[in-house]
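# Structural characterization, general
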Amino acid sequence: LYLPGCSKKEEKFELFSPESFAYSMEDGWELNAAVRAKGFEQKENDNKFSARLSYYTNLQTPDGKLVNKISFGIIDKTENEKISEIPIESQIKLDSTYQTGKYKIIFYVTDELTRRRAVSWSYFELSK
């Protein structure tokens, strides 16, 4: 017996709405970057839903050099209802050795329950 609509359709794990901006400080800049994740796996236990994402960010400088894993972390989230999306935020201090120009921050996110991965990026400008 086949019942269409009863099978569980796997949602696509993806990142969306990336944004980043930096503001000048006395000794460099502070970079604020964020992206949102959806389509991740969730465990249900005692009417609570939990998800676990890990991430790291790379920074591409105006001259094309890559600064690997400039930030990283793990997000464990538990809610009383199914979680539709999870914000991933990174606040990074960039010292005065970073020159002015257009940079790219790249988010690499892994759904720890399925090992699926997603990537997204955003551009920002360092200026005095």
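Just so it is clear, the model here is predicted, and its values are computed rather than measured.

This paragraph deals with the environment of K69. Turning to its location among the elements, K69 is positioned in strand β5 (residues 66-79). In the structure, K69 is positioned 37 residues away from I106 in sequence and 9.6 Å away in space, judged by C-alpha atoms. Contacts of K69, omitting those with residues within four sequence positions, involve Y56, T57 and N58.

What follows deals with the pairing of strand β8 (residues 117-126). Here β8 shows one buried face, formed by A118, S120, S122, F124 and L126, and one open face, formed by R117, V119, W121, Y123 and E125. Note: strand β7 (residues 101-111) against β8, 10 bridges, orientation antiparallel. By the bridge assignment for β8, G101 is matched with L126. Here β7 hands over to β8 after 5 residues, with R115 in that stretch at a positive phi of 70 degrees.

About the cut-offs
- Residues numbered from 1 in each chain as written.
- Predicted model: local features only at pLDDT ≥ 70, side-chain atom pairs only at ≥ 80, totals over all residues.
- Heavy atoms only, no water.
- Helix = DSSP H or I, 4+ residues; strand = E, 2+ residues; numbered from the N terminus.
- Contact = heavy atoms within 4.5 Å.
- Buried < 20%, exposed > 50% of the residue type's maximum accessible area, 1.4 Å probe, protein only.
- Pairing = 2+ DSSP bridges.

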